[in-house]
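# An overview of the molecular structure
These are the residues of each chain, in order.
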Amino acid sequence: MLHIAALSKRFEDTAGVRHLALDGIDLAVREHEIVALVGTSGCGKSTLLRLVSGLERPSGGAVRLQGRAVTRPTPEVGMVFQEPRLMPWLNVRENARLAVLDLPRDVQDRRIAEALEKVGLSAFAAALPRQLSGGMAQRAAIARALVRRPKVLLLDEPFSALDSFTRQGLQDHLAALWDDARFTLLLVTHDVEEAVVLADRIVVMRGHPGHVHECIDIDLPRPRRRCLPDVQALKERVIQALDLS
Amino acid sequence: MIAAAIARRPRAGGGERTAPAVRLPRWRWRGIVLPLGLLAVWQGLAVTGAFPAHLVPSPAAVVGELTWLWRRGELLGHIGATTWRVAMGFGAGTVAAALLGALTGYSRTARAYLDPTLQALKAVPSLAWVPLFILWFGIFEASKIALIAVGVFFPVYLNLMAGILQTDRRLVEVGRICGLSRLDMVRRVLVPAALPGFFTGLRAGLALGWMFVIAAELMGASRGLGFLMLDGQMTGRPAIIVGALVLFAAAGKISDAAITAVAGRVLAWQDGFGASQETA
């Protein structure tokens with residue numbers, strides 16, 4: 001489905017010095033798979049996601065989606081950022097519409113109603129972003145990614161700015177959405193528990209330059225309760241792989 | 001007055017807060033306190049003879065002079081002529097600025113070619129165009145409108161371009177992820193993001209428009225408020241000059257309030273400090 005091969009990315013800082021943010025990333029993601037990218041801050045996991053989305057172009061190697069190289073954003077790939085990034089001048093419905101402008105109007109309306117229903121925001125379709133709580137705004141952003149019915153959904157630390165209750169609620173919600181639509185999901189997170197609860201596979205990255213350190217398969221049945229001993233044990237294992245000491 | 005316009009804006013959706021509308025007038029009348037007080041002091045001083053009447057007319061004399069002009073049917077013609085010039089110049093300057101500002105804001109190439117020249121032209125004091133405009137367009141309306149248009153152009157152009165350039169990169173990325181066409185990116189992301197700056201430019205441009213209309217009318221006109229002031233000076237009637245000043249203030253204030261009212265409606269999505277003060 002998604003093939004990342006020998007991917008590298010260099011950035012030039014303001015002084016003109018080149019930094020290698022990612023080096024030699026190889027990763028294959030199967031259809032319907034949920035892959036969590038974890039790593040300490042600065043290890044290049046967000047950069048990797050931006051390369052997959054087509055927002056950035058690789059310095060070396062390639063990202064291939066169903067055999068085609070990704071060089072720019074495509075409708076098959078949806079993305080949700082750490083912040084909701086809603087247009088403050090558009091209400092929730094019109095924000096969601098941005099992703100489906102090329103479809104006929106009646107299809108747009110149907111898809112939007114459906115997506116807002118799924119994230120539980122039907123009653124807030126006419127609300128402006130400033131009237132939403134943080135969790136609601138992020139759900140609106142998820143709805144905007146879903147109206148497109150993407151094959152691949154990229155989430156860049158989508159819940160990290162939310163309080164822990166809202167975060168758990170949205171994690172469960174995301175699992176339910178995935179159960180329903182079965183998109184391929186690539187999730188960047190620094191919340192190890194989130195990764196263990198949601199993912200089929202955890203890719204542990206380390207930095208300077210960013211590289212894949214270890215892949216950990218998670219073979220637990222869903223839904224996964226956070227208090228299960230297996231979940232706790234896997235958390236420990238991932239934390240060890242992160243080498244936080 | 002900004003506060004009044006912002007407070008009048010409609011609240012979209014939710015509607016959790018409906019109370020502010022009731023409390024508004026309290027904020028609005030506070031703006032009138034100072035002018036009324038000054039007027040009273042002025043009238044008092046004029047009556048006691050603190051100023052020579054042939055230099056500083058009393059408010060009553062000013063009102064009397066304006067009423068006289070109104071009865072003779074002249075006043076409306078003067079106000080109309082000045083307002084028409086400002087409107088035409090403001091319209092022409094704004095249209096040109098909107099087109100060029102949008103172009104230089106959106107396209108790096110256009111900016112590279114156009115902006116340095118426009119910035120250099122901005123450095124020319126606008127009144128320095130007068131001789132050239134009179135030579136080109138004659139001494140009648142066209143040269144006056146051209147001068148006003150030049151005055152309006154630069155603040156609108158600069159603010160619009162800056163507004164587009166300052167658009168949050170993260171929102172542009174969302175547009176790219178959503179696969180927006182160039183037109184949709186401009187219409188749905190860049191233009192709305194630049195609107196606050198555009199309105200700031202419009203207000204600054206309008207103020208300059210009123211400033212330049214006087215300059216244009218003082219330099220030669222047979223109608224208009226500027227002509228009226230010049231006439232008052234020639235004929236030694238300070239009440240006319242002061243009357244025209246008051247009318248300029250009123251016209252400037254009314255037209256500015258109109259823009260702020262439109263801005264308040266169009267920018268109702270903003271979540272700024274002013275709005276929070278209004279509803280606190």
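In the block above lies the structure referred to throughout.
Calculation notes
- Residues numbered from 1 in each chain as written.
- Chains lettered and ligands numbered in written order.
- Predicted model: local features only at pLDDT ≥ 70, side-chain atom pairs only at ≥ 80, totals over all residues.
- Helix = DSSP H or I, 4+ residues; strand = E, 2+ residues; numbered from the N terminus.
- Buried ≥ 20, exposed ≤ 12 C-beta atoms within 10 Å, placed from the backbone.
- Contact = placed C-beta atoms within 7 Å.
- Rg over C-alpha atoms; globule rule 2.2 N^0.38 Å.
- Pairing = 2+ DSSP bridges.
- Axes fitted to C-alpha atoms, helices over the stretch in contact; angles between N-to-C directions.
- Expected span 1.5 Å × (residues − 1).
- Bend = angle between axes of the 7 residues up to and from the residue.
- Parallel < 35°, antiparallel > 145°, perpendicular 65-115°, else oblique.
- Nonpolar A, V, L, I, M, F, W, Y, C, P; charged D, E, K, R; others polar.

### A closer look at the overall build of chain B
Counting secondary structure elements, chain B contains 12 helices and 0 strands. Along chain B, from the amino end to the carboxyl end, the secondary structure elements read α-α-α-α-α-α-α-α-α-α-α-α. The burial tally for chain B puts 32% of its 280 residues in the buried class. Look at the contacts in chain B between residues 6 or more apart in sequence, and 74% of them connect residues 24 or more apart.

### Some thoughts on the overall build of chain A
Of the regular secondary structure elements, chain A holds 7 helices and 10 strands. Here the C-alpha atoms of chain A give a radius of gyration of 18 Å, agreeing with the 18 Å that 2.2 N^0.38 yields for 245 residues. If you line up chain A on its principal axes, its C-alpha atoms span 50 × 45 × 35 Å. Out of the 245 residues in chain A, the part that is buried amounts to 44%. Taking all contacts inside chain A whose residues are at least 6 apart in sequence as the whole, residues at least 24 apart take part in 69%.

### Points about the sheet that holds strand E9 (residues 201-206) of chain A
All names here are of chain A. The strand order across the open sheet built from 6 strands is E6-E7-E8-E3-E9-E10, with neighbouring strands paired in mixed fashion. Two strands in the sheet have a free side with no partner beyond their single neighbour: strand E6 (77-80) and strand E10 (211-217). Across the sheet, the axes of successive neighbouring strands diverge by a mean angle of 20 degrees, strand direction being ignored. Alignment of strand E3 (residues 34-39) against strand E8 (residues 184-189), held across 5 bridges, turns out to be parallel. Bridge assignment links Ile 34 to a residue of E8, and that residue is Leu 185.

### Focus: the environment of Glu194(A)
Residue and element names in this part refer to chain A. You can see Glu 194 is positioned in helix H6 (residues 192-198). For the pair Glu 194 and Val 38, spaced 156 residues apart in sequence, the C-alpha to C-alpha distance is 10.0 Å. Residues within four places of Glu 194 in sequence aside, it is in contact with Phe 159, Gln 171 and Thr 189.

### So, the sheet that holds strand E1 (residues 2-12) of chain A
Residues and elements named next belong to chain A. Pairing is antiparallel in the open sheet, where 4 strands are placed in the order E2-E1-E4-E5. What marks the edges here is a single partner per strand, and that holds for strand E2 (18-29) and strand E5 (68-69). The pairing of E1 with strand E4 (residues 60-65) spans 5 bridges and is antiparallel. Across the sheet, residue Ala 5 finds its bridge partner in E4, namely Ala 62. The sheet contacts of helix H1 (residues 45-53) involve E1, E2 and E4, and relative to E2 the element is tilted by about 65 degrees.

### Considering the interface of chain B and chain A
Counting from both sides, the interface comprises 18 residues of chain B and, opposite them, 19 residues of chain A. Listed by contribution, the elements that provide at least two residues to the side of chain B that touches chain A are helix H8 (169-177) and helix H9 (182-218) of chain B. Of all the elements, H8(B) adds the most residues to the side of chain B that touches chain A, at 6 residues.

### Observations regarding the environment of Tyr157(B)
Residues and elements named next belong to chain B. With respect to the helices and strands, the residue Tyr 157 is situated in helix H7 (residues 141-165). As for Tyr 157 and Ala 96, which are separated by 61 residues in sequence, their C-alpha atoms are 8.2 Å apart. In contact with Tyr 157, other than residues within four places in its own chain, are Ala 97, Leu 100, Gly 101 and Leu 118.

### So, helix H5 (residues 108-122) of chain B
Residue and element names in this part refer to chain B. Relative to the 21 Å expected for 15 residues at 1.5 Å per residue, H5 spans 20 Å between its end C-alpha atoms, a close match to the ideal helical length. Of all the bends in H5, the largest measures some 40 degrees and sits at Leu 114, one to four residues before the proline Pro 116. Judged by how many residues are buried, H5 sits mostly at the surface: 0 of 15 residues are covered.

### Looking at unusual backbone geometry
All names here are of chain A. Phi at Ala 6 takes a positive value of approximately 50 degrees, unusual for a residue other than glycine. Here Ala 6 is to be found in strand E1. Looking at Ala 6, the number of C-beta atoms within 10 Å reads 12, which means it is exposed. Here the phi dihedral of Arg 149 falls at roughly 50 degrees; this positive angle occurs in a residue that is not glycine. Structurally, the position occupied by Arg 149 is in the loop between helix H4 (134-146) and strand E7 (152-156).

### What to know about the packing of helix H4 (residues 75-106) of chain B against helix H10 (residues 225-234) of chain B
Residues and elements named next belong to chain B. Across the interface, H4 lies against H10 with an axial gap of 7 Å and an inter-helix angle of 130 degrees. The angle between H4 and H10 falls in the class oblique. Contacts between H4 and H10 involve His 78, Ile 79 and Thr 82 from the former and Leu 225, Gly 226, Phe 227 and Leu 228 from the latter. A per-class count over the contact of H4 with H10 returns 4 nonpolar, 3 polar and no charged.

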